[in-house]
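Examination of the molecular architecture
Listed below, chain by chain, are the residues.
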Amino acid sequence: MGFARTCSVALVGVEGVVVEVQADLEPGVAAFTLVGLPDKSLTESKDRVRAAVVNSGAEWPQKKLTVGLSPASVPKAGSGFDLAIACAILGASERIDPRVLSDIVMLGELGLDGRVRPVRGILPAVLAAAEAGYEQVVVPECAAAEASLVPGVSVLGVRTLRQLIAVLADEPVPDEEPDEGRPDPLMAGLRLPGAGAATGMHTAGAAQQDLGHDLADVVGQMAARTAVEVAAAGGHHLFLEGPPGAGKTMLAERLPAILPKLAREESLEVTAVHSIAGLLPVGKPLVDVAPYCAPHHSATMQALVGGGQGIARPGAVSLAHRGVLFLDETPEFSGQALDALRQPLEAGHVVIARSAGVVRFPAKFLMVLAANPCPCGRFSRTDDLCECPPASIRRYQARLSGPLLDRVDLRVEVDRVTRSELTRRGARGESTATVADRVRSARERAAARLLGTPWRTNSEVPGRELRSRWHAAPGAMDEAERCLERGALTARGLDRVLRVAWTIADLVGHDRPDATDVTLGLQLRTGVPRGVPMAIGALT
């Protein structure tokens, strides 16, 4: 009778549970039984592991073999347990010393020829192992850089099962060279094919700069540019309304580049979500710039907030965590999908309940909505080019519910670009680098003020805290409070005006918001002109 155990990790959302993989050999008819709530892909590991062990030069035990995954009450999914199962079996058959295996966490899928393939979720799995007290982790060689992001953990990257057997048995390690002249087939496991196509997903901060996208390319649109800058500085949600071709998408695409780089903790959060989704770029294991996610308007509620069969997968709101979620042609999204955004907008996370379990994904993002003013897109207060009936315009604008828009801090009308603006020569608007420096300085002022609190940006601070701990200048809130009395603002809207005013004060260098800062915040909130300059530079 032989027995051995090692460990792996089962992922539930972005959280991991350390699973003990036990192998037991007993005299009897040769059979292989796998227990412990495995899913279909894990059940198939029996054939993968058997072929990998034999093709790696080891002998397959001709006895009754039972492999248990403990705790048995936790559902296990995926092929990441293959490596741990194979080593536990080799330990039970005494090809490897069982004592060497007990304190090692192993992650990886096995090919039939013994090659170790990467799996999604390496980073959150290693984080879970570190939190459980494990200090040694074995992962596929091409995922070693991702696993090494976790401090205090010794990472061993292996290319084949043959190499791992040699390391654990203290034998000479064979060289396993990659195939020359074509892409390494092992790297295919780092990305889930097609996962990014429907999400419009990319890490856009530095990438947009490399493509030559700059805020200076946007012609005119002073009010919209100011709103984008305020949104980036304070993390405020933004709604851009205007005719087609006015520059709404251009502004949204350039927003991630003016956001500050992610801090180390934020980078690990974003990388963990992208690792589970199979969206980590090859050769860049750590996402350190703000992600940008622009799903198509045909996206379902599950695509936006997460879901799917079995254990739920992250949706667009989680893929945009710590970055920008851009919903172009927002009225064309289904009402059910848009209303599902209310919870993550308020809570900063999304909880998905399924029969297979309850999953919690982070979802703290900056939302940008873009819409035409009417079905034809030409409705305006200043001209009569629109031919849509008034009832059609009302129905179109009513597709965005009041509760959703009440959670949006900034609402700006993007005007049609004129001929003179488009053909003007000479100085352009401020560049991305200039605005990014101002946004970074504003964030630093807010962080210094909020030091010792759980909040980092003005948009996160609850209204009661703003009213009780950080006061505006005397009389600065008078006009906003009159709007509340007239019903032009809700109580939530008043709090959001105050948050925006604090962000404007941080941008212009004021110690606290004055009447001009609050009025500009009110103008950005309601879209009603109030005679305040829209350029941040004009307020300094």
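Treat the numbers as computed from the prediction; the structure is a model and nothing was measured. Note on numbering: residues in each chain are counted from 1, in written sequence order. Local features in a predicted model are, by the rule used here, given only for residues with pLDDT of at least 70; side-chain atom pairs are given and counted only at 80 or more, and totals for whole chains, interfaces and linings are based on all residues. Each side-chain value is derived from all of the structure's non-hydrogen atoms; neither hydrogens nor water enter the calculation.

1. Description of the overall build of the protein chain
For the record, the criterion: Helix numbers and strand numbers start at the N terminus; a helix is a DSSP run of H or I with at least 4 residues, a strand a run of E with at least 2. Working definition: with a 1.4 Å probe on protein chains only, accessible area under 20% of the residue-type maximum means buried, over 50% means exposed, and in between means partly exposed. We call two residues in contact when some of their heavy atoms are within 4.5 Å. Only the protein chains shown count as covering a residue, and every accessible area follows the Shrake-Rupley method with a 1.4 Å probe. Charge assignment: positive for Lys and Arg, negative for Asp and Glu; neither His nor the chain ends contribute. Where a charge lies is defined by one atom per residue type: Lys uses NZ, Arg uses CZ, Asp uses CG and Glu uses CD.
A tally of regular secondary structure across the protein chain gives 23 helices and 17 strands. Taken along its principal axes, the extent of the C-alpha atoms in the protein chain is 85 × 50 × 45 Å. In the protein chain, buried positions account for 50% of the 540 residues. In the protein chain, 72% of the contacts between residues at least 6 apart in sequence involve partners at least 24 apart. Of the roughly 23,600 Å² of accessible surface on the protein chain, a fraction of 51% belongs to carbon and sulfur atoms. In the protein chain, the 58 positive side-chain charges and the 63 negative ones have mean positions that sit 5 Å from each other.

2. A look at the packing of aromatic side chains
Let me state the cut-off plainly: Planes of paired rings set the category: under 30 degrees apart is stacked, over 60 is edge-to-face and the rest tilted, where pairs are Phe, Tyr or Trp rings (Trp by its six-membered ring) whose centres lie within 6.5 Å.
As enumerated under the stated definition, the model contains two aromatic pairs in all. Between Phe32 and Trp60, the ring centres sit 5.7 Å apart and the planes meet at 45°, which makes this aromatic pair tilted. Here Trp60 lies in the loop between α2 (45–55) and β4 (64–70) and Phe32 lies in strand β3 (residues 31–35), a separation of 28 residues in the sequence. Neither residue differs from the other here; Phe32 and Trp60 are each classed as buried.

3. With respect to the pairing of strand β2 (residues 15–26)
Our working definition: Should DSSP find at least two bridges between two strands, the strands are taken to pair.
Across eleven bridges, strand β1 (residues 2–12) lies against β2 in antiparallel orientation. Bridging from a neighbouring strand, Leu11 pairs with Gly16 of β2. As consecutive antiparallel partners, β1 and β2 are separated by two residues, and within that stretch Gly13 has a phi angle of approximately 70°, a positive value. Pairing of β2 with β4 involves seven bridges; the strand directions are antiparallel. Within β4, the position partnered with Leu25 by the bridge is Leu65.

4. Re the confidence of the model for the protein chain
Selection criterion: The predictor attaches a confidence to each residue, called pLDDT, with possible values from 0 through 100.
For the protein chain, per-residue confidence averages 86 on the pLDDT scale, and residues scoring 70 or more make up 91% of the total. Counted against residues more than four places away or in other chains, residues 192–199, with its pLDDT under 50, gives 14 contacts.

5. Digging into the environment of Val518
Take Val518: it is sitting in helix α23 (residues 515–526). Measuring from C-alpha to C-alpha, the distance between Val518 and Glu479 comes to 8.4 Å, with 39 residues separating the pair along the chain. If near-sequence neighbours (up to four positions away) are discounted, Val518 is found in contact with Ala476, Met477, Ala480, Val497, Ala501 and Pro513.

6. Let's talk about the pairing of β3
Here β3 shows one buried face, formed by Phe32 and Leu34, and one open face, formed by Ala31, Thr33 and Val35. Here β3 pairs with β4 via five bridges, running parallel. Paired with Phe32 across the two strands is Leu65, which belongs to β4.

7. Considering the packing of helix α21 (residues 478–486) against α23
Each pair of packed helices can be described by the angle between their axes along with the distance between the axes. Operational definition: Fitted lines through C-alpha atoms give the axes, limited to the stretch in contact for helices. The angle between two N-to-C directions lies from 0 to 180 degrees.
Relative orientation of the contacting elements α21 and α23 amounts to 35°, with a least axis distance of 8 Å. Of α23, the residues touching α21 (which contributes Glu479, Ala480 and Cys483) are Val518, Thr519 and Leu522.

8. A short note on the packing of helix α5 (residues 122–131) against helix α11 (residues 264–277)
Convention followed: Note that the term roughly parallel is reserved for angles under 35 degrees, roughly antiparallel for angles over 145, roughly perpendicular for angles of 65 to 115, and oblique for everything else.
It is at 7 Å that the axes of α5 and α11 come closest, and there the two elements cross at 120°. As judged from the angle between their axes, α5 and α11 are oblique. Residues Ile122, Leu123 and Pro124 of α5 form the contact with α11, whose participating residues are Leu268, Thr271, Ala272, Ser275 and Ile276.

9. A short note on the side chain of Lys248
This is how the line gets drawn: Salt bridge criterion: a side-chain nitrogen from Lys or Arg within 4 Å of a carboxyl oxygen from Asp or Glu. Under this definition, polar contacts are N or O atom pairs within 3.5 Å; protein pairs additionally need one hydrogen-donor-capable and one acceptor-capable atom, and for neighbouring residues in sequence, both atoms have to be side-chain atoms.
Mapping Lys248 onto the fold places it in helix α10 (residues 248–258). Buried within the structure, Lys248 lacks any salt-bridge partner; Asp328 is the closest side chain of opposite charge, at an N-O distance of 6.0 Å. Side-chain polar atoms of Lys248 contact the backbone oxygen of Pro243, separated by 3.0 Å. Discounting residues that sit within four places of it in the chain, Lys248 has contacts with Leu240, Glu241, Gly242, Pro243, Ala370, Ala371, Asn372 and Val414.

10. A word on the side chain of Arg48
Counting through the fold element by element, Arg48 comes out in helix α2. A residue is classified by how much of its surface remains accessible, and Arg48, at 14% relative accessible area, is buried. A distance of 2.7 Å separates the side chain of Arg48 from the side chain of Asp82, its partner in a polar contact. Ignoring anything within four residues of it in the chain, the contact list for Arg48 reads Ser41, Ser79, Asp82, Glu109, Leu110, Gly111 and Leu112.

11. Overview of unusual backbone geometry
Between Ser70 and Pro71 the backbone carries a cis peptide bond, its omega angle lying at 10°. One can find Pro71 in the loop between β4 and α3 (82–92). You will see that Arg322, though not glycine, has its phi angle at about 65°, which is positive. Relative to the elements of secondary structure, Arg322 occurs in the loop between α13 (316–319) and β13 (324–327). The backbone of Glu329 sits at a positive phi, close to 50°, despite the residue not being glycine. Structurally, Glu329 can be placed in the loop between β13 and α14 (335–339).

12. Notes on α2
The criterion, for reference: An arc is given here, and it is the one of the directions from the helix axis to the C-beta atoms.
Listed as buried for α2 are Ser45, Arg48, Val49, Ala52 and Val53. Along the axis of α2, the buried positions cluster into a sector of 125°, meaning they face one direction only. Buried residues belonging to α2 abut β3, α1 (40–43), α3, β6 (109–110) and α7 (161–168). Gly57 sits one or two residues past α2 and shows a positive phi near 90°.

13. What to know about the pattern of salt bridges
Under the definition given, this model contains 27 salt bridges. Glu346 serves as the salt-bridge partner of Arg407, at 3.5 Å between the closest nitrogen and oxygen. Residue Arg407 is found in the loop between α17 (402–405) and β17 (410–413), and its partner Glu346 is found in helix α15 (residues 342–347); the two are separated by 61 residues along the sequence. Three or more residues joined by partner-sharing salt bridges are found here, namely Glu346, Asp406, Arg407, Asp409, Arg492, Arg496 and Arg525.

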